[in-house]
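Descriptive structure summary
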Amino acid sequence: QLAVGAADGAGRRTLNLYSRAEDAEDTWVRHATGVLGTAVAGAGEGLAEWPPAGAQAVEVEGLYEGLAEAGLAHGPLFRGLRAAWRRGDEVFAEVSMEASAAGFGLHPALLDSALHGIGLGSFLTDGAAAHLPHSWSGVTLAATGATAARVQIAPAGSGAVSLTLADRTGAPLAAVRTLALRPLTGPSAVAAARSLAGDLHE
């Protein structure tokens, strides 16, 4: 259940996402809240130089097997990370998918694959084997219909990153000013993540 509120004086609207089990008649659980509004800035300057100057290639073979062992198994469509590079504290990644992006602003499989480069950097230092997105802010979309992207991931404070996505030509696609992540820990958390991943990725 997705509920969008009335516009305030600045044209912004509240957004709430709920779900419930099939056998729960009136028990709705709120999973996410947010605010929708008109972006005051674009989605960055793009990533025209590729790979970026001074970036060193990173081995990505075995990445998805490692994530599965940590409790985050991905179906074929969501295994889109093709190549990666590191430059200082930044990670750059190349992602693509074998599916149509028609009807999506940014296809969830492409966005999910863009996040997989986070584990290739030194952004998270709490020792957890896997992390999940927790809070998004400053999300902008510059273009639609992409099935491939160039990705830049940079530190954005403790336990958080920023993302810049560009299309195959380097033109701006999307940007996230801050994405905060939380560690996936404990058997119950792993089981919940696997259940959610199975529901969303089928």
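Residues numbered from 1 in each chain as written. Predicted model: local features only at pLDDT ≥ 70, side-chain atom pairs only at ≥ 80, totals over all residues. Heavy atoms only, no water.

In this section: the overall build of the chain. If you tally the helices and strands in the chain, you get three helices and ten strands. For the chain, buried positions account for 36% of its 202 residues. Of all intrachain contacts in the chain linking residues separated by at least 6 positions in sequence, the fraction that spans at least 24 positions is 58%. Summing over all exposed atoms, the chain offers an accessible surface of approximately 11700 Å²; the carbon and sulfur share of this is 51%. (Helix = DSSP H or I, 4+ residues; strand = E, 2+ residues; numbered from the N terminus. Buried < 20%, exposed > 50% of the residue type's maximum accessible area, 1.4 Å probe, protein only. Contact = heavy atoms within 4.5 Å. Areas by Shrake-Rupley, 256 points an atom, 1.4 Å probe, with all protein chains shown as cover.)

To continue, consider the nonpolar core. Residues Leu163 and Leu165 are the most contacted members of the largest nonpolar core, which totals 37 residues. Of all the secondary-structure elements, those providing two or more residues to this core are helix H1 (63-69), strand E5 (81-87), strand E6 (90-96), helix H2 (108-115), strand E8 (148-155), strand E9 (160-166) and strand E10 (172-183). Examining the composition of this core, we find that five residues originate from one element, E10, more than from any other. The residues touching Leu165, leaving out its near neighbours within four places in the chain, are Leu106, Ala114, Ala149, Arg150, Val151, Ala171, Pro172, Leu173 and Ala174. (Core = buried A, V, L, I, M, F, W, Y, C linked by side-chain atoms within 4.5 Å.)

One open sheet holds the three strands; their spatial order is E1-E2-E3, and the pairing between them is antiparallel. Two strands in the sheet have a free side with no partner beyond their single neighbour: strand E1 (2-4) and strand E3 (29-36). Geometrically, the sheet is characterised by an average inter-axis angle of 20° between neighbouring strands, direction not taken into account. The pairing of E1 with strand E2 (residues 13-19) spans three bridges and is antiparallel. Residue pairing in the sheet places Leu2 in a bridge with Leu17 of E2. (Pairing = 2+ DSSP bridges. Axes fitted to C-alpha atoms, helices over the stretch in contact; angles between N-to-C directions.)

Moving on to the sheet that holds strand E4 (residues 56-58). Two orientations exist for strands paired in a sheet by backbone hydrogen bonds: parallel and antiparallel. Across the sheet, seven strands lie side by side as E4-E5-E6-E8-E9-E10-E7; this open sheet has antiparallel pairing. Either end of the sheet is taken by a strand with one partner, and the two such strands are E4 and strand E7 (131-141). On average, each strand axis in the sheet is tilted by 25° relative to the strand beside it, whichever way the strands run. In the sheet, E4 pairs with E5 via three bridges, with the strands oriented antiparallel. Its bridge partner being in E5, Val58 is matched across the sheet by Ala84.

Let us now look at the packing of aromatic side chains. Summed over the entire model, instances satisfying the criterion amount to two aromatic pairs. Between the aromatic rings of Trp50 and Phe92, the centroid separation amounts to 6.1 Å while the plane-to-plane angle is 75°, which identifies the pairing as edge-to-face. Of this pair, Trp50 sits in the loop between E3 and E4 while Phe92 sits in strand E6, placing them 42 residues apart in sequence. With relative accessibility at 18%, the residue Trp50 sits in the buried group. You can call Phe92 buried: its relative accessible area is 2%. Following the ring pairs from residue to residue traces out a cluster consisting of Trp50, Trp85 and Phe92. (Phe/Tyr/Trp six-rings, centres within 6.5 Å; stacked < 30°, edge-to-face > 60°.)

So, about a negative patch on the surface. Together, Glu59, Glu61, Glu65 and Glu69 make up a negatively charged patch on the protein surface. Note on placement: Glu69 falls in helix H1. Overall, Glu69 belongs to the exposed group, its relative accessible area being 71%. (Patch = residues over 30% accessible without salt bridge, like charges linked within 9 Å, V, L, I, M, F, W, Y side chains within 5 Å. Salt bridge = Lys/Arg side-chain N within 4 Å of Asp/Glu carboxyl O. Lys, Arg positive; Asp, Glu negative; His and termini not counted. Charge placed at Lys NZ, Arg CZ, Asp CG, Glu CD.)

Next up on the list: the pattern of salt bridges. By the definition in use, this model includes two salt bridges. One salt bridge in this structure joins Arg12 and Asp8, with 3.6 Å as the shortest N-O distance. The residue Glu90 makes a salt bridge to Arg87 at a minimum N-O spacing of 3.1 Å.

For any part of a model where pLDDT is low, the fine detail of the predicted coordinates should not be relied upon. Within the chain, residue pLDDT values average 85, and 86% of them lie at 70 or more. Confidence drops under a pLDDT of 50 for residues 187-202, and excluding neighbours within four residues, the segment shows 15 contacts in the predicted structure. (pLDDT = per-residue confidence, 0-100.)

Right, let's talk about the environment of Ala180 for a bit. Assignment of secondary structure puts Ala180 in strand E10. You can call Ala180 partly exposed: its relative accessible area is 23%. Residues Ala180 and Ser158, 22 residues apart in the sequence, show an inter-C-alpha distance of 8.3 Å. Not counting the four nearest positions on each side in its chain, Ala180 is found in contact with Leu132, Pro133, His134, Ser135, Gly159 and Ala160.

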